[in-house]
Amino acid sequence: MNIAIIGAGLAGLTCAYELRNSGHAVDVYEATERIGGKLHTVAFAAGPTDMGAEAFIARRHDAVDFFTELGLAGSLVEPSGLGSLVYIDGETRPLPRGGIMGVPSSSVGVAHLVSPEAASLIDAESDAPGIDWEIGGDVNVGKLVRERYGDEIVDHVVSALLGGVYSCTADDLGLRATIPQLAEEFDRLASAGPVHLSAAVRNLEQARAELPTGQGAVFNSFRDGYQELYEALAEKSGANIYVDAFISGIAKEGEGYRLNGGEDEVYDRVILAVPAPTAALLLKKVAPDVAEAVAPVKLADSVVVGMRFADDTGLPDNSGILVAAGTENVTAKAFTFSSRKWPHLAERGGALVRASFGRFGDTIAVRASEDDLVDWALDDLLTITGFDGRAAGLEEIYVQRWFGGLPRYDETHLATVAKVSALLRAVPGIDVTGAWVGGVGVPAVIANAREVARRK
Ligand SMILES: Cc1cc2nc3c(=O)[nH]c(=O)nc-3n(C[C@H](O)[C@H](O)[C@H](O)COP(=O)(O)OP(=O)(O)OC[C@H]3O[C@@H](n4cnc5c(N)ncnc54)[C@H](O)[C@@H]3O)c2cc1C
């Protein structure tokens with residue numbers, strides 16, 4: 001069998017690796033001049049530095065097992081465990097450790113982040129009539145939390161936390177896709193009686209408290225960056241990987257498919273491991289109904305500015321800081337103090353900071369010049385933390401624009417993906433995978449790609 005994979009990001013490379021011993025010929029086509037997609041490790045003078053994803057949830061044992069299978073267990077490193085901050089109304093405050101994605105069960109733990117009126121609203125939620133919840137249903141996260149707890153907790157905490165993962169505010173995200181455990185707890189409560197947000201979060205907090213301790217860090221990273229992973233996948237896959245190979249269309253030929261921009265081959269199977277809008281374009285001729293079903297999936301642009309300073313004096317002793325949604329006079333949405341967060345990066349000396357910009361609907365990645373982005377990163381860092389990056393000796397800068405960085409997982413997204421999967425069953429030899437199909441996190445992308453590759 002001849003198999004083509006379009007896209008050499010994490011999903012495409014994982015598929016290629018999964019097919020390595022299948023006895024099939026595998027060609028991977030990558031539009032850009034490098035592999036890895038949203039995983040991109042850049043060679044800073046002080047050492048390899050990630051400008052896309054920088055960590056993964058290590059509590060997903062399937063991911064850790066997979067990295068072990070690849071021979072990379074020795075490369076995994078843990079964070080320092082330092083807490084994070086949030087910048088609200090001109091002040092930095094500690095992020096709460098309780099709650100679920102910033103959604104609290106009561107005002108205890110968030111009283112320092114909202115006004116007394118907002119805190120009272122949160123505590124009164126359990127006395128309000130229950131949520132009108134349909135078992136198996138979904139809701140917009142922002143709408144839900146605003147209705148139950150008011151706007152402040154959404155803008156100050158929930159959007160800031162979710163924005164760090166999805167590049168979207170809570171108002172652009174669906175509950176079941178982004179906080180699935182909360183949607184499932186609503187289902188459970190609804191089967192027995194009224195549904196309250198505070199009760200659901202409290203139940204989840206209790207379940208978390210009962211988990212055995214000593215499971216290691218929640219997040220891990222790769223000592224020399226994600227290039228360790230994408231290079232291992234590429235090498236061990238044994239696939240033919242073509243870079244600078246933009247595929248512009250797929251045409252049916254007999255029982256197989258020919259790729260516009262690919263080798264002179266007819267493929268029995270084509271796996272699309274590209275962002276949703278590209279998948280929609282590529283499927284237009286061979287599966288127009290699937291292309292139409294994929295079309296509603298939208299992407300969020302973002303920018304990461306990596307900065308290395310000679311001196312780390314004055315950089316807060318925290319892993320990073322989120323900026324509350326709607327904060328005026330600050331352009332960045334978050335800073336990661338990478339050399340504080342990761343001991344292996346601290347060993348390099350100096351300070352490494354990543355500034356992040358852009359949420360869904362924001363055009364900053366397209367409109368801002370490189371000079372402006374660096375100036376905003378330095379100015380915002382000074383405003384928020386008092387750390388003067390210009391005085392600290394800015395040694396290296398890397399500006400990474402992520403056009404279409406992440407798919408928007410709104411409250412229609414899971415239904416869209418289910419519809420696409422159902423329609424694809426009628427199109428033999430074509431599959432889709434990637435961050436928009438099975439979840440944006442590295443472990444989720446890997447799990448979905450492996451499952452798709454194994455399909456006959
Ligand atoms: C800034 C940022 C930070 C992140 N941080 C984390 C994190 O810390 N932890 C975590 O778990 N996840 C993180 N993620 C998410 C994670 O990195 C991504 O979800 C994942 O890497 C996506 O992999 P993918 O293969 O689905 O897509 P992509 O990486 O987008 O790969 C798709 C590939 O297809 C190629 N392509 C597109 N069109 C064509 C075409 N027509 N022909 C040929 N090739 C084509 C693209 O060039 C690209 O290489 C982050 C994402 C971003 C943007």
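Now for a quick tour of the structure.

Cut-offs applied
Here the residue index of a chain counts from 1 through its sequence in written order. Thresholds applied to this predicted model are a pLDDT of at least 70 for local features of residues and 80 or more for the giving and counting of side-chain atom pairs; totals over whole chains, interfaces and linings are not thresholded and use all residues. Computation of side-chain values: all heavy atoms of the structure, hydrogens and water removed. We define proximity as follows: a residue is near a molecule or strand when any one of its heavy atoms falls within 4 Å of that partner. Pairs of N or O atoms are called polar contacts if they sit within 3.5 Å, as long as, within protein, a hydrogen donor faces a hydrogen acceptor (for residues adjacent in sequence, only side-chain-to-side-chain pairs). Reported accessibility uses the Shrake-Rupley method at a 1.4 Å probe radius. Residues are deemed covered only where the shown protein chains occlude them. Secondary structure counts use DSSP, requiring at least four H or I residues in a row for a helix and at least two E residues in a row for a strand, with both numbered from the N terminus. Pairing between strands requires that DSSP locate at least two bridges from one strand to the other. Angles here are taken between N-to-C directions and fall from 0 to 180 degrees, while the axes themselves are lines fitted to C-alpha atoms, restricted in helices to the stretch in contact. Any two residues having at least one pair of non-hydrogen atoms within 4.5 Å are treated as being in contact. Ring pairs are drawn from Phe, Tyr and Trp, using the six-membered ring of Trp, whenever the two centres fall within 6.5 Å, and their geometry is named by plane angle: stacked under 30 degrees, edge-to-face over 60, tilted for the rest. Each residue's exposure class comes from its accessible area (1.4 Å probe, protein chains only) as a fraction of the maximum for that residue type: buried when under 20%, exposed when over 50%, partly exposed otherwise. Distance and angle both matter: a charge sits over a ring if NZ of Lys or CZ of Arg is within 6 Å of the ring centre and within 35 degrees of the ring normal. Regarding the arc, it is the one traced by the directions from the helix axis to the C-beta atoms.

Section: the site of the ligand
Near the ligand, the surroundings consist of 33 residues, among which E30, K38, A55, V440 and V442 are the closest. One nitrogen or oxygen atom from the main chain of A55 is found 2.7 Å from a nitrogen atom belonging to the ligand. Considered on its own, the ligand offers 1000 Å² of accessible surface; in the complex 88% of this is hidden by protein. Secondary-structure elements contributing two or more residues to the shell around the ligand are α1 (10–18), β18 (394–407) and α18 (442–454).

Here's the deal with the sheet that holds strand β10 (residues 240–242)
Taken together, 5 strands build an open sheet; the order of strands is β10-β2-β1-β13-β19 and the sheet is parallel. In the strand order of this sheet, the two ends are held by β10 and β19 (430–432), each with one partner. Across the sheet, the mean angle separating the axes of adjacent strands is 15° when strand polarity is ignored. Bridge count for strand β1 (residues 2–6) against strand β13 (residues 269–272) is 4 bridges, and the pairing is parallel. In the sheet register, I3 faces β13, and the bridge partner there is R269. Against the sheet, helix α10 (residues 276–283) contacts β1, β13 and β19, and its axis sits at roughly 150° relative to β13.

Some words on the packing of aromatic side chains
Within the structure shown, the criterion is met by 12 aromatic pairs. A ring pair is formed by Y29 and Y267, whose centres lie 6.4 Å apart and whose planes are at 80°; its orientation type is edge-to-face. With Y29 in strand β2 (residues 25–29) and Y267 in the loop between β12 (256–260) and β13, this pair connects stretches of sequence that are 238 residues apart. Here Y29 matches Y267 in class, with each residue buried. Seen from their ring centres, W133 and F186 are 5.0 Å apart, and the 75° between their planes marks the pair as edge-to-face. Taken together, the residues span a long stretch of sequence, with W133 in the loop between α3 (116–124) and α4 (141–149) and F186 in helix α7 (residues 180–190) at a distance of 53 residues. Accessibility assignment for this pair places W133 and F186 in one class, buried. Among the aromatic residues, those joined into a cluster by ring pairs are Y17, F56, F66, F67, F222 and Y226. The ring of Y17 is capped by R20, whose NZ or CZ atom sits 3.9 Å from the centre of that ring. The aromatic ring of Y257 is capped on one face by K252, whose charged end is 4.4 Å from the ring centroid.

Concerning helix α2 (residues 61–69)
Along α2, the residues classified as buried are A63, F66 and F67. Considered in projection along α2, the buried side chains sweep an arc of 95° and stay on one side of the axis. Where the residues of α2 are buried, they touch α1, β5 (56–57), β6 (76–77), β9 (219–222), α9 (227–237) and α18. The positive-phi residue at the C-terminal boundary of α2 is G71, with phi of around 80°.

Note that all results are geometric; they support no functional claim without further evidence.
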